[in-house]
Amino acid sequence: MTQHPQVEAFVSAAESMRGNRYWARDPKEQVEFLTALRDVLKEVCFHLDRNQLLNQDGLRAFAANSGPPNGVPWLEPSAETVLLPELDNAIRRCLAGFEGTDNT
């Protein structure tokens with residue numbers, strides 16, 4: 001029996017990532033990796049939220065203790081609104097490391 005394409009994609013991605021878990025990335029590769037991870041994480045967050053797999057009180061607590069003061073009132077805490085900004089911050093930190101370097 002054939003699996004749904006999303007199941008196949010998750011299984012394949014997990015196998016590939018597990019096989020390359022200890023890949024030592026240079027700074028440029030790190031930015032490329034985190035950017036690709038963001039695309040995957042966004043889809044995983046959708047499924048985490050749709051299936052209500054994360055504790056809502058935990059999401060609210062995390063959101064209340066990170067990000068801007070008083071949170072973002074128009075955004076309900078979700079996997080996406082909690083996890084993606086943290087990954088975006090990591091990407092910004094990596095990019096900031098390139099500032100002031102000679103990339104020639």
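First, a word on what this report is: a plain description of the structure on this page.

The rules behind the values
Residues numbered from 1 in each chain as written. Predicted model: local features only at pLDDT ≥ 70, side-chain atom pairs only at ≥ 80, totals over all residues. Heavy atoms only, no water. Axes fitted to C-alpha atoms, helices over the stretch in contact; angles between N-to-C directions. Helix = DSSP H or I, 4+ residues; strand = E, 2+ residues; numbered from the N terminus. Parallel < 35°, antiparallel > 145°, perpendicular 65-115°, else oblique. Left-handed = near helix turned anticlockwise from the far one by under 90°. Contact = heavy atoms within 4.5 Å. Nonpolar A, V, L, I, M, F, W, Y, C, P; charged D, E, K, R; others polar. Salt bridge = Lys/Arg side-chain N within 4 Å of Asp/Glu carboxyl O. Expected span 1.5 Å × (residues − 1). Buried < 20%, exposed > 50% of the residue type's maximum accessible area, 1.4 Å probe, protein only. Core = buried A, V, L, I, M, F, W, Y, C linked by side-chain atoms within 4.5 Å.

**Considering the packing of helix α3 (residues 56-64) against helix α4 (residues 79-98)**
Remark: α3 packs on α4, axes separated minimally by 9 Å, with the N-to-C direction vectors making an angle of 40°. The orientation of α3 with respect to α4, classified from their angle, is oblique. Two packed elements cross with a definite hand, and for α3 against α4 that hand is left-handed. Contacts from Leu 59, Phe 62 and Ala 63 of α3 reach α4 at Ala 79, Val 82 and Glu 86.

**What to know about the packing of helix α2 (residues 27-50) against α4**
Remark: α2 packs on α4, axes separated minimally by 9 Å, with the N-to-C direction vectors making an angle of 175°. When the axes of α2 and α4 are compared, the pair comes out roughly antiparallel. In the contact of α2 with α4, the residues fall into 16 nonpolar, two polar and six charged.

**Describing the pattern of salt bridges**
Inspection of the entire model under this criterion finds three salt bridges. Of the charged contacts, one joins Asp 88 and Arg 38 as a salt bridge, the two residues approaching to 2.5 Å between their closest N and O atoms. Taken together, the residues span a long stretch of sequence, with Asp 88 in helix α4 and Arg 38 in helix α2 at a distance of 50 residues.

**Focus on α4**
In this model α4 runs 29 Å from its N-terminal to its C-terminal C-alpha over 20 residues, within 8% of the 28 Å that 1.5 Å per residue would give. Buried within α4 we find Ala 79, Val 82, Leu 84, Leu 87, Asp 88, Ala 90 and Ile 91. Turning to α4, the residues buried within the fold contact α2 and α3.

**Comments concerning the nonpolar core**
Within the largest apolar cluster, nine residues are counted, these being Leu 34, Leu 41, Cys 45, Leu 48, Ala 79, Leu 84, Leu 87, Ala 90 and Ile 91. Residue assignment for this core shows that the elements contributing at least two residues are α2 and α4. It is α4 that contributes the most residues to this core, five residues altogether. Every residue in contact with Cys 45, bar those within four places of it in the chain, is listed here: Ala 79, Glu 80 and Leu 83.

All quantities given are derived from atomic positions and should not be read as evidence of function.
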